[in-house]
Amino acid sequence: SQSLSPDPAERWEQYRQMLIAHKKARGTVVVSRRDNPTLNRWIENQKASYRKKSMTDERARLLVEVGIELGMSNEEKWQAKLAELRAYRQEFGNCDVPQKHPVLGRWVNKQRQKNASKKLSTEHTAQLVELGFFDGAVGVAV
(Lines give C-alpha, C1' and ligand atoms only; values in the text may rest on other atoms or scores of the structure.)
Protein backbone atom coordinates (compact mmCIF):
# COMPACT_ATOMS: atom_id res chain seq x y z
CA SER A 1 0.00 0.00 0.00
CA GLN A 2 1.20 3.46 -0.83
CA SER A 3 2.22 5.88 1.89
CA LEU A 4 0.02 8.87 2.55
CA SER A 5 1.14 12.30 1.47
CA PRO A 6 2.18 14.78 4.16
CA ASP A 7 0.17 17.41 2.24
CA PRO A 8 -3.38 17.52 3.68
CA ALA A 9 -5.08 18.21 0.33
CA GLU A 10 -3.19 15.39 -1.41
CA ARG A 11 -3.85 13.05 1.53
CA TRP A 12 -7.59 13.85 1.37
CA GLU A 13 -7.60 12.95 -2.33
CA GLN A 14 -5.66 9.73 -1.61
CA TYR A 15 -8.36 8.69 0.86
CA ARG A 16 -11.07 9.57 -1.67
CA GLN A 17 -9.30 7.38 -4.24
CA MET A 18 -9.13 4.53 -1.68
CA LEU A 19 -12.88 4.92 -1.19
CA ILE A 20 -13.47 4.80 -4.96
CA ALA A 21 -11.32 1.64 -5.20
CA HIS A 22 -13.28 0.08 -2.31
CA LYS A 23 -16.57 0.90 -4.05
CA LYS A 24 -15.33 -0.66 -7.31
CA ALA A 25 -14.20 -3.81 -5.52
CA ARG A 26 -17.16 -4.21 -3.16
CA GLY A 27 -20.02 -2.40 -4.89
CA THR A 28 -20.59 -0.18 -1.85
CA VAL A 29 -19.13 2.83 -0.06
CA VAL A 30 -19.80 1.17 3.30
CA VAL A 31 -16.40 0.47 4.84
CA SER A 32 -16.43 -1.53 8.05
CA ARG A 33 -13.94 -0.89 10.83
CA ARG A 34 -12.81 -4.50 10.48
CA ASP A 35 -12.15 -4.23 6.72
CA ASN A 36 -10.29 -0.93 6.80
CA PRO A 37 -10.20 0.92 10.13
CA THR A 38 -8.28 3.88 8.71
CA LEU A 39 -10.66 4.47 5.80
CA ASN A 40 -13.68 3.89 8.07
CA ARG A 41 -12.40 6.59 10.47
CA TRP A 42 -11.69 8.96 7.56
CA ILE A 43 -15.28 8.61 6.29
CA GLU A 44 -16.68 9.22 9.79
CA ASN A 45 -14.45 12.30 10.11
CA GLN A 46 -15.71 13.61 6.75
CA LYS A 47 -19.34 13.22 7.86
CA ALA A 48 -18.56 14.99 11.14
CA SER A 49 -16.76 17.77 9.28
CA TYR A 50 -19.79 18.21 7.02
CA ARG A 51 -22.20 18.32 9.98
CA LYS A 52 -20.01 20.96 11.69
CA LYS A 53 -20.11 22.97 8.44
CA SER A 54 -16.30 22.88 8.25
CA MET A 55 -16.12 21.20 4.83
CA THR A 56 -15.82 22.97 1.50
CA ASP A 57 -18.73 22.61 -0.95
CA GLU A 58 -16.28 21.09 -3.44
CA ARG A 59 -15.25 18.30 -1.03
CA ALA A 60 -18.89 17.66 -0.10
CA ARG A 61 -19.77 17.38 -3.82
CA LEU A 62 -16.86 14.98 -4.44
CA LEU A 63 -17.96 12.72 -1.57
CA VAL A 64 -21.63 12.71 -2.59
CA GLU A 65 -20.49 11.90 -6.16
CA VAL A 66 -18.78 8.75 -4.82
CA GLY A 67 -21.92 7.81 -2.88
CA ILE A 68 -21.33 9.05 0.66
CA GLU A 69 -24.56 10.27 2.26
CA LEU A 70 -23.70 13.51 4.00
CA GLY A 71 -25.97 15.02 6.59
CA MET A 72 -29.01 12.86 5.86
CA SER A 73 -31.32 12.13 8.77
CA ASN A 74 -32.17 8.51 9.54
CA GLU A 75 -35.64 9.06 8.09
CA GLU A 76 -34.19 10.52 4.86
CA LYS A 77 -31.85 7.52 4.60
CA TRP A 78 -34.79 5.14 5.18
CA GLN A 79 -36.89 6.86 2.52
CA ALA A 80 -33.93 6.73 0.11
CA LYS A 81 -33.67 2.96 0.65
CA LEU A 82 -37.43 2.63 0.17
CA ALA A 83 -37.08 4.46 -3.16
CA GLU A 84 -34.31 2.00 -4.13
CA LEU A 85 -36.63 -0.88 -3.18
CA ARG A 86 -39.42 0.64 -5.31
CA ALA A 87 -37.02 0.77 -8.27
CA TYR A 88 -35.97 -2.83 -7.59
CA ARG A 89 -39.62 -3.95 -7.55
CA GLN A 90 -40.29 -2.10 -10.78
CA GLU A 91 -37.34 -3.84 -12.44
CA PHE A 92 -37.82 -7.36 -11.03
CA GLY A 93 -41.55 -7.47 -10.19
CA ASN A 94 -41.00 -8.35 -6.52
CA CYS A 95 -39.26 -7.26 -3.31
CA ASP A 96 -37.29 -10.49 -2.86
CA VAL A 97 -33.91 -8.78 -2.78
CA PRO A 98 -30.98 -11.21 -2.43
CA GLN A 99 -29.00 -10.65 0.78
CA LYS A 100 -25.86 -10.18 -1.32
CA HIS A 101 -27.41 -7.18 -3.16
CA PRO A 102 -24.85 -4.38 -2.59
CA VAL A 103 -27.37 -1.59 -1.92
CA LEU A 104 -30.47 -3.24 -0.49
CA GLY A 105 -29.53 -6.70 0.81
CA ARG A 106 -28.73 -5.82 4.41
CA TRP A 107 -31.42 -3.12 4.61
CA VAL A 108 -34.19 -5.47 3.45
CA ASN A 109 -33.09 -8.12 5.93
CA LYS A 110 -33.06 -5.52 8.72
CA GLN A 111 -36.64 -4.42 7.86
CA ARG A 112 -37.82 -8.05 8.03
CA GLN A 113 -36.09 -8.53 11.40
CA LYS A 114 -37.56 -5.30 12.77
CA ASN A 115 -41.01 -6.34 11.58
CA ALA A 116 -40.69 -9.81 13.14
CA SER A 117 -39.70 -8.28 16.48
CA LYS A 118 -42.41 -5.57 16.22
CA LYS A 119 -39.79 -2.81 16.10
CA LEU A 120 -40.77 -1.40 12.70
CA SER A 121 -42.74 1.83 13.00
CA THR A 122 -46.40 1.78 11.93
CA GLU A 123 -45.63 4.31 9.19
CA HIS A 124 -42.70 2.30 7.80
CA THR A 125 -44.71 -0.94 8.01
CA ALA A 126 -47.57 0.68 6.07
CA GLN A 127 -45.20 1.92 3.35
CA LEU A 128 -43.63 -1.53 2.98
CA VAL A 129 -47.03 -3.27 2.95
CA GLU A 130 -48.21 -0.86 0.24
CA LEU A 131 -45.18 -1.83 -1.84
CA GLY A 132 -45.93 -5.55 -1.38
CA PHE A 133 -42.79 -6.09 0.66
CA PHE A 134 -44.31 -8.78 2.88
CA ASP A 135 -46.15 -10.63 0.05
CA GLY A 136 -44.68 -14.15 -0.03
CA ALA A 137 -41.57 -12.84 1.63
CA VAL A 138 -38.49 -14.96 1.03
CA GLY A 139 -35.88 -15.35 3.74
CA VAL A 140 -37.94 -13.90 6.57
CA ALA A 141 -35.90 -13.73 9.75
CA VAL A 142 -37.53 -15.86 12.45
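Residues numbered from 1 in each chain as written. Predicted model: local features only at pLDDT ≥ 70, side-chain atom pairs only at ≥ 80, totals over all residues. Heavy atoms only, no water.

1. So, the packing of aromatic side chains
The geometry of an aromatic ring pair comes down to the distance between the two centres and the angle between the two planes.
Part 1 of the reasoning: Applying the stated rule across the entire model yields five aromatic pairs.
Part 2 of the reasoning: Their ring planes at 40 degrees and their centres at 4.4 Å tell us that tyrosine 88 and phenylalanine 92 sit as a pair that is tilted. Taken together, the residues tyrosine 88 and phenylalanine 92, both in helix H4 (residues 74–92) and four residues apart, mark about one turn of the helix.
Part 3 of the reasoning: Taking the relative accessible area as the measure of exposure, tyrosine 88 reaches 10% and is therefore buried.
Part 4 of the reasoning: Ring-pair connections join several aromatic residues into one group, and the members of that group are Trp12, Tyr15 and Trp42. (Phe/Tyr/Trp six-rings, centres within 6.5 Å; stacked < 30°, edge-to-face > 60°. Helix = DSSP H or I, 4+ residues; strand = E, 2+ residues; numbered from the N terminus. Buried < 20%, exposed > 50% of the residue type's maximum accessible area, 1.4 Å probe, protein only.)

2. Here's the deal with the pattern of salt bridges
Part 1 of the reasoning: Applying the stated criterion across every chain yields a total of four salt bridges.
Part 2 of the reasoning: In this structure, the salt-bridge partner of arginine 26 is aspartate 35, at a minimum N-O distance of 2.6 Å.
Part 3 of the reasoning: Glutamate 58 is paired through a salt bridge with arginine 61; the nearest N and O atoms lie 2.9 Å apart. With glutamate 58 and arginine 61 both in helix H3 (residues 57–66) and three residues apart, the pair spans about one turn of that helix.
Part 4 of the reasoning: Accessibility expressed as a relative area gives 43% for glutamate 58, which makes it partly exposed.
Part 5 of the reasoning: Connected through salt bridges with shared partners, the residues Glu58, Arg61 and Glu65 form a single ionic network. (Salt bridge = Lys/Arg side-chain N within 4 Å of Asp/Glu carboxyl O.)

3. Some words on the packing of helix H1 (residues 8–26) against helix H2 (residues 37–51)
Part 1 of the reasoning: Running from N to C, H1 and H2 point in directions that differ by 115 degrees, and their axes come no closer than 11 Å. Regarding the angle of H1 to H2, the classification is roughly perpendicular. Two packed elements cross with a definite hand, and for H1 against H2 that hand is left-handed. Between H1, through Trp12, Tyr15, Arg16, Met18, Leu19 and His22, and H2, the contact on the second element is made entirely by Thr38, Leu39, Trp42, Ile43 and Gln46.
Part 2 of the reasoning: For the contact of H1 with H2, the class distribution of residues is seven nonpolar, three polar and one charged. (Axes fitted to C-alpha atoms, helices over the stretch in contact; angles between N-to-C directions. Parallel < 35°, antiparallel > 145°, perpendicular 65-115°, else oblique. Left-handed = near helix turned anticlockwise from the far one by under 90°. Contact = heavy atoms within 4.5 Å. Nonpolar A, V, L, I, M, F, W, Y, C, P; charged D, E, K, R; others polar.)

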